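Structural characterization, general
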Amino acid sequence: MLLEPFLLDALKSGRQTPNDRTSGEKVGHLCRQVFEELKDMSGSDRRSGCAAALRHAAQQLSAALQLPTETVESLSSVLGQLTPEELAAGGTELLLQLLTPPLQEAFHDCGEWPAEEDEAKIQQFAAVLLRELQSKS
């Protein structure tokens, strides 16, 4: 509502009628775009918090475990979209579904434990991550 008069005015030059149906639709579309951009910006803080939680959980598991930047960015983007309610409802099981494929690859690159321990390590990682994420929300 704050932007609407300014956007309507910017669409017209001189003495043209500032508010017709076409202008109203354009302004409505622009306002929705601005809203979505602002919403995404607030999500970037959440993604940063998720990235920090992922890195902290990795360090808790093993100092040698370095998650690839692409993996952290991808997972933090997905985790950042979860509401605290979704996280609480899904819990560790939800995190296991999201984390298992990319973590197995990172674990193999780390090579600090045998592959048969991966499942237990991923569960441990998910539990630490869940605590981290819940403490931030």
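Keep in mind that this is a model prediction, so the values were computed, not measured.

1. A word on the overall build of the protein chain
A tally of regular secondary structure across the protein chain gives five helices and zero strands. In the protein chain, the succession of helices and strands from N to C terminus is α-α-α-α-α. A buried classification covers 31% of the 137 residues belonging to the protein chain. If you take every contact in the protein chain between residues at least 6 apart in sequence, the share linking residues at least 24 apart comes to 62%.

2. Structural notes on the packing of helix H3 (residues 69–80) against helix H4 (residues 84–110)
With their axes 11 Å apart at the nearest point, H3 and H4 run at an angle of 165° to one another. When the axis of H3 is compared with that of H4, the two are roughly antiparallel. Of the two elements, H3 crosses H4, and the hand of that crossing is right-handed. Along its contact with H3, which presents Thr71, Leu75, Val78 and Leu79, the element H4 presents Leu95, Leu98, Leu99 and Pro102.

3. So, the nonpolar core
When a protein is soluble and globular, its nonpolar side chains tend to lie buried together. Core analysis: the biggest nonpolar cluster contains 28 residues, and Leu54, Leu67, Leu95, Leu99, Phe125 and Leu129 have the highest contact counts within it. Those elements that place two or more of their residues in this core are helix H2 (21–61), H3, H4 and helix H5 (118–136). With sequence-adjacent residues up to four places away left out, Leu54 is seen in contact with Leu67, Val72, Leu75, Ser76, Leu79, Leu99, Phe125 and Leu129.

4. Some points on the environment of Leu87
Following the sequence through the fold, Leu87 ends up in helix H4. With 43 residues separating them along the chain, Leu87 and Leu130 place their C-alpha atoms 7.9 Å apart. Those residues in contact with Leu87, other than ones at most four positions away along the chain, are Leu82, Leu95, Leu130, Leu133 and Gln134.

5. Topic: H5
For H5, with 19 residues, the first-to-last C-alpha span of 27 Å sits near the 27 Å given by 1.5 Å per residue. Within H5 the residues assigned to the buried category are Asp118, Lys121, Ile122, Phe125, Ala126, Val128, Leu129, Leu130, Glu132 and Leu133.

6. Observations regarding the side chain of Ser62
Position of Ser62 among the secondary structure elements: in the loop between H2 and H3. Since its relative accessible area comes to 4%, Ser62 is described here as buried. The contact partners of Ser62, leaving out residues within four places of it in the chain, are Cys110, Glu112 and Trp113.

7. Concerning the side chain of Ser76
Summarising the element assignment, Ser76 is placed in helix H3. What makes Ser76 buried here is its relative accessible area of 5%. Polar contacts involving the side chain of Ser76 include one to the main-chain carbonyl oxygen of Glu73, which spans 3.1 Å. Those residues in contact with Ser76 that lie beyond four places of it in its chain are Arg47, Cys50, Ala51 and Leu54.

8. Quick notes on the environment of Ala63
Position of Ala63 relative to the elements: it lies in the loop between H2 and H3. For the pair Ala63 and Cys110, spaced 47 residues apart in sequence, the C-alpha to C-alpha distance is 9.9 Å.

About the thresholds
Residues numbered from 1 in each chain as written. Predicted model: local features only at pLDDT ≥ 70, side-chain atom pairs only at ≥ 80, totals over all residues. Heavy atoms only, no water. Helix = DSSP H or I, 4+ residues; strand = E, 2+ residues; numbered from the N terminus. Buried < 20%, exposed > 50% of the residue type's maximum accessible area, 1.4 Å probe, protein only. Contact = heavy atoms within 4.5 Å. Axes fitted to C-alpha atoms, helices over the stretch in contact; angles between N-to-C directions. Parallel < 35°, antiparallel > 145°, perpendicular 65-115°, else oblique. Left-handed = near helix turned anticlockwise from the far one by under 90°. Core = buried A, V, L, I, M, F, W, Y, C linked by side-chain atoms within 4.5 Å. Expected span 1.5 Å × (residues − 1). Polar contact = N/O pair within 3.5 Å; in protein donor to acceptor, adjacent residues only side chain to side chain.

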